[in-house]
Amino acid sequence: LIVRDPRDIGISQYKAVAGHATDNRILATQIESLREQAESMDMGEFLLRDDNIAFLRRIVMSYQPMIQKRINVLHYEDMYIDGNLSLRLLCETIVEHMERFLPDSFDFEAFFENVQRRIENSKALKGHATGGSIYNYTKLDPGLLDDYTAKLRDAIDLLEY
């Protein structure tokens, strides 16, 4: 299970909502509502909203049964080298943890090339799989960071951040 610090998920949500597509009729209303909320408040207000905290906690706490069964928990942030997401390291880490399920003939280089090609050819995956940044929460005002961290303490602790 690869997890990301929930504090950074919230910050990413705030920054990314302006660009979320609304062509999915089912999700369009939710996205538009979230966009309006994000545009009407500063990041601190958005992050500390009860709805945002509940959303982040819901994501993380859904992992609790797997974590209690001792699934390997990997931190997304550990997939970065020199401040950049290393797709190779990410793929190597996944393969390492899945090795016992792979055939003896598994070809890592072919797998890695396939992953790269799929990302290059996917509008949806490009931003999520090729970049981003980590530890954005450390740039928050100290008081805001303290409040934000306190509200997410159980989720942060569950993921061992």
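Residues numbered from 1 in each chain as written. Predicted model: local features only at pLDDT ≥ 70, side-chain atom pairs only at ≥ 80, totals over all residues. Heavy atoms only, no water.

### Describing the overall build of the chain
Next, step 1: Scanning the chain from N- to C-terminus turns up 10 helices and 4 strands.
Next, step 2: Element order for the chain, N to C, with α for helix and β for strand: β-α-α-α-α-α-β-β-β-α-α-α-α-α.
Next, step 3: Counting all 161 residues of the chain, 37% fall into the buried class.
Next, step 4: Long-range contacts, defined here as pairs at least 24 residues apart, represent 69% of the contacts in the chain between residues at least 6 apart.
Next, step 5: Element-wise, carbon and sulfur atoms account for 51% of the exposed surface of the chain, whose accessible area totals about 10400 Å². (Helix = DSSP H or I, 4+ residues; strand = E, 2+ residues; numbered from the N terminus. Buried < 20%, exposed > 50% of the residue type's maximum accessible area, 1.4 Å probe, protein only. Contact = heavy atoms within 4.5 Å. Areas by Shrake-Rupley, 256 points an atom, 1.4 Å probe, with all protein chains shown as cover.)

### Side note on the environment of Met43
Next, step 1: When you line up the elements, Met43 lands in helix H3 (residues 43–48).
Next, step 2: Separated by 28 residues in the primary sequence, Met43 and Lys15 have C-alpha atoms spaced 8.5 Å apart.
Next, step 3: Here Met43 is in contact with Ile11, Tyr14, Lys15 and Leu140, once residues within four sequence places are set aside.

### Focus: a nonpolar patch on the surface
Next, step 1: Judged by side-chain polarity, Ile2, Ile94, Met98 and Phe101 come together as a nonpolar surface patch covering roughly 340 Å² of accessible area.
Next, step 2: What makes Met98 partly exposed here is its relative accessible area of 39%. (Patch = residues over 30% accessible without salt bridge, like charges linked within 9 Å, V, L, I, M, F, W, Y side chains within 5 Å. Salt bridge = Lys/Arg side-chain N within 4 Å of Asp/Glu carboxyl O.)

### Description of the packing of aromatic side chains
Next, step 1: Inspection of every chain in the model, using the stated rule, returns 6 aromatic pairs.
Next, step 2: For the ring pair Tyr76 and Tyr80, a centre distance of 5.4 Å and an interplane angle of 75 degrees mean the geometry is edge-to-face.
Next, step 3: Judged by relative accessible area, which is 14%, Tyr76 ranks as buried.
Next, step 4: Plain terms: the ring middles of Phe106 and Phe111 are 5.6 Å apart, the flat faces sit at 50 degrees to each other, and that makes the pair tilted. (Phe/Tyr/Trp six-rings, centres within 6.5 Å; stacked < 30°, edge-to-face > 60°.)

### Focus: the layout of surface pockets
Next, step 1: Of the voids in this model, the second largest pocket is the one considered here, and its volume is about 230 Å³.
Next, step 2: If you trace the second largest pocket, you find it lined by Gln13, Thr29, Gln30, Ser33, Leu34, Gln37, Phe46, Arg49, Asp51, Asn52, Phe55 and Arg58.
Next, step 3: Its residues assigned to classes, the lining of the second largest pocket shows 3 nonpolar, 6 polar and 3 charged. (1 Å grid on protein atoms, 1.4 Å probe; cavity = no way out; pocket = protein on both sides within 12 Å on 5 of 7 lines; lining within 4 Å. Points joined across faces, edges and corners; volume = space filled by probe spheres on them. Nonpolar A, V, L, I, M, F, W, Y, C, P; charged D, E, K, R; others polar.)

### Concerning the nonpolar core
Next, step 1: Counting 17 residues, the largest nonpolar core has Phe46, Leu47, Leu140, Tyr148 and Leu152 as the members making the most contacts within it.
Next, step 2: For this core, the secondary-structure elements that each account for two or more residues are helix H1 (6–16), helix H2 (25–39), H3, helix H4 (50–61) and helix H9 (142–151).
Next, step 3: When residues in this core are grouped by element, the largest group, 3 residues, is from H9.
Next, step 4: What Leu140 contacts, discounting residues up to four positions off in sequence, is Ile11, Met43, Leu47, Leu145 and Tyr148.
Next, step 5: In this structure, Tyr76, Leu85, Phe108 and Phe112 belong to the second largest nonpolar core, which totals 14 residues. (Core = buried A, V, L, I, M, F, W, Y, C linked by side-chain atoms within 4.5 Å.)

### Let's talk about helix H7 (residues 108–120)
Next, step 1: Across its 13 residues, H7 extends 18 Å between first and last C-alpha, which sits within 8% of the 18 Å expected from 1.5 Å per residue.
Next, step 2: All of the buried residues in H7 are Phe108, Phe112, Val115 and Ile119. Buried residues along H7 cover an arc of 60 degrees about the axis, so they all sit on one side. For H7, exposure combined with an orientation more than 90 degrees from the buried face picks out Arg118 and Glu120.
Next, step 3: You can read the cap of H7 off the contacts: a side-chain oxygen lies 3.1 Å from the backbone nitrogen of Glu109, and it is on Asp107. (Expected span 1.5 Å × (residues − 1). Arc of directions from axis to C-beta. Polar contact = N/O pair within 3.5 Å; in protein donor to acceptor, adjacent residues only side chain to side chain.)

### Concerning the pattern of salt bridges
Next, step 1: What the rule picks out here adds up to 6 salt bridges.
Next, step 2: Its salt-bridge partner being Arg57, residue Asp154 comes within 2.2 Å of it at the nearest N-O pair. Note that Asp154 is positioned in helix H10 (residues 153–158) and Arg57 in helix H4, a separation of 97 residues in sequence.
Next, step 3: A relative accessible area of 29% places Arg57 in the partly exposed class.
Next, step 4: Asp157 is the salt-bridge partner of Arg153, the closest N and O atoms lying 2.9 Å from each other. Separated by 4 residues within a single helix, Arg153 and Asp157 lie in helix H10, roughly one turn from each other.

Geometric descriptors of this kind do not, in isolation, establish any biological role.
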